[in-house]
Amino acid sequence: MRIISVCNQKGGCGKTTTVINVAAGLAKLGQRVLVVDLDSQCNATTGLGIDTSEIEKSVFELLVEPKKTNLEDVILETQYENLHIAPASIELSEFESRMAGEIGRENRLKKALLPLHSLYDFIILDTPPSLGLLSVNALNAANEVQIALQAHPFAFDGLNLLLETISLIKEELNPKLKITGLVVTMFDSRTKLSREIVDKVMNIELLSNCVFKTCIRQNVKLAEAVKARKSVLTYDPSCTGAEDYLSLSKEICLQNISQITPDVTANKNIETTVE
Ligand SMILES: Nc1ncnc2c1ncn2[C@@H]1O[C@H](COP(=O)(O)OP(=O)(O)O)[C@@H](O)[C@H]1O
Ligand SMILES: [Mg+2]
């Protein structure tokens, strides 16, 4: 069983699109998958076809009132076989203030997921655009981090902070945590910049051995699929977005995690500019 937290505190870099479509891809490959939506914007929840007005209990209740909340009341089936979701809700935006002063507040998600370990092959965590308490819960509950990096001039801004946070969580809370993937998203093969981003990331010692071969190309069908509340694999199975996410799902499925040993405690500063 693998618990993967898809991270990058930058908004709009393709995390949720990656979570939705990798989850659908893995489910299509026969894996039992649970998506946990930790973002109060609920994009993974709605993107997988769930109507937020029909949610009775969300991840919020699971984290804030664990004793009063049954997992069965939170987890929903989706339109896809093998793919379930623990939906988010807008209340998650209050999680941090509600948890102020609570002992063990970083452990809430880890504890909530414990009974699920035998039920799924993959639990994939979609994280909000900040490194606050919800992201800390995600990194503490996960055994793997996969980073979504947009092929964009500012792609590397904030990457040092993310790596430092991962390193700190590993030291203080979750020694088993490993960076097992980095996926370049919104790749445009026509631009020099996209290729430079990939080259640059391949030169970062800490990350070079976990960069996925598959880059996710820019494809408007990916945005359309989210609006249509479907995975791109069913929205338009022949588009490049579907091809890329299926290819990425296969790579993730076949990864030999024990061979990846990135030293997340090495805090080498990464230059944040791309010429
Ligand atoms: N490969 C891509 N090609 C085109 N648009 C994309 C691609 N990946 C994501 N998008 C769009 O970019 C926006 C941000 O993506 P999203 O996955 O929501 O990012 P995040 O979860 O990191 O905030 C969304 O509108 C999404 O539809
Ligand atoms: Mg998102």
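It should be emphasised that the depicted structure is a prediction, and the values quoted were computed from it without experimental measurement.

Q: Account for the overall build of the protein chain, naming residues and giving values.
A: Tallying secondary structure elements over the protein chain gives twelve helices and seven strands in all. A compact globule built from 275 residues should have a C-alpha radius of gyration of about 19 Å, and the protein chain, at 18 Å, falls within 12% of that. Each of the three principal axes of the protein chain carries a C-alpha extent, and together these read 55 × 45 × 30 Å. Long-range pairs, those at least 24 residues apart, make up 80% of the contacts in the protein chain with a sequence separation of at least 6. When the accessible surface of the protein chain is split by element, carbon and sulfur atoms take 50% of a total near 12500 Å².

Q: Go over the UniProt feature "domain: AAA" (unreviewed entry) in the protein chain, please, and point to the residues and values.
A: The sites that UniProt annotates as "domain: AAA" (unreviewed entry) are residues 1-179. End-to-end, the C-alpha atoms of residues 1-179 are 16 Å apart, and along that stretch the chain is 35% helix and 17% strand.

Q: For empty space enclosed by the protein, give the residues involved together with the corresponding values.
A: In the structure shown here, the tally under the stated rule is three cavities of 30 Å³ or more. What the largest cavity holds in volume is close to 70 Å³. Taken together, Ile4, Val6, Thr18, Val19, Val22, Ile124, Gln146, Val183, Phe212, Leu248 and Ile252 form the lining of the largest cavity. Those elements that place two or more of their residues in the lining of the largest cavity are β1 (2-7), α1 (15-28) and α12 (240-254). Looking at the lining of the largest cavity, its residues break down into nine nonpolar, two polar and no charged.

Q: Give a detailed account of the packing of α1 against α12, specifying residues and quantitative values.
A: For the pair α1 and α12, the least separation of the axes is 8 Å and the interaxial angle reads 70 degrees. The pairing of α1 with α12 is recorded here as roughly perpendicular in orientation. Of the two elements, α1 crosses α12, and the hand of that crossing is right-handed. Mapping the contact onto sequence places Thr17, Thr18, Asn21, Val22, Gly25, Leu26 and Lys28 in α1 and Tyr245, Leu246, Leu248, Ser249, Ile252 and Cys253 in α12. When the residues that make up the contact of α1 with α12 are grouped by side-chain class, the tally is seven nonpolar, five polar and one charged.

Q: Let's hear about the site of ligand 1: which residues, and what values?
A: The immediate surroundings of ligand 1 are formed by 14 residues, with Gly12, Lys15, Thr16, Thr17 and Asn219 found nearest. Given that more than half its atoms are within 2 Å of the pocket grid, ligand 1 belongs to the largest pocket. At the level of elements, α1 and α10 (220-227) are the ones that each hand at least two residues to the shell around ligand 1. For the shell around ligand 1, the element with the most residues is α1, which contributes three residues. Tallied by class, the residues present in the shell around ligand 1 amount to five nonpolar, seven polar and two charged.

Quick notes on the rules
- Residues numbered from 1 in each chain as written.
- Chains lettered and ligands numbered in written order.
- Predicted model: local features only at pLDDT ≥ 70, side-chain atom pairs only at ≥ 80, totals over all residues.
- Heavy atoms only, no water.
- Helix = DSSP H or I, 4+ residues; strand = E, 2+ residues; numbered from the N terminus.
- Rg over C-alpha atoms; globule rule 2.2 N^0.38 Å.
- Contact = heavy atoms within 4.5 Å.
- Areas by Shrake-Rupley, 256 points an atom, 1.4 Å probe, with all protein chains shown as cover.
- UniProt positions renumbered as here; feature names shortened; annotations may be inferred.
- 1 Å grid on protein atoms, 1.4 Å probe; cavity = no way out; pocket = protein on both sides within 12 Å on 5 of 7 lines; lining within 4 Å.
- Points joined across faces, edges and corners; volume = space filled by probe spheres on them.
- Nonpolar A, V, L, I, M, F, W, Y, C, P; charged D, E, K, R; others polar.
- Axes fitted to C-alpha atoms, helices over the stretch in contact; angles between N-to-C directions.
- Parallel < 35°, antiparallel > 145°, perpendicular 65-115°, else oblique.
- Left-handed = near helix turned anticlockwise from the far one by under 90°.
- Near = heavy atom within 4 Å.
- Sits in = over half its atoms within 2 Å of the grid points.

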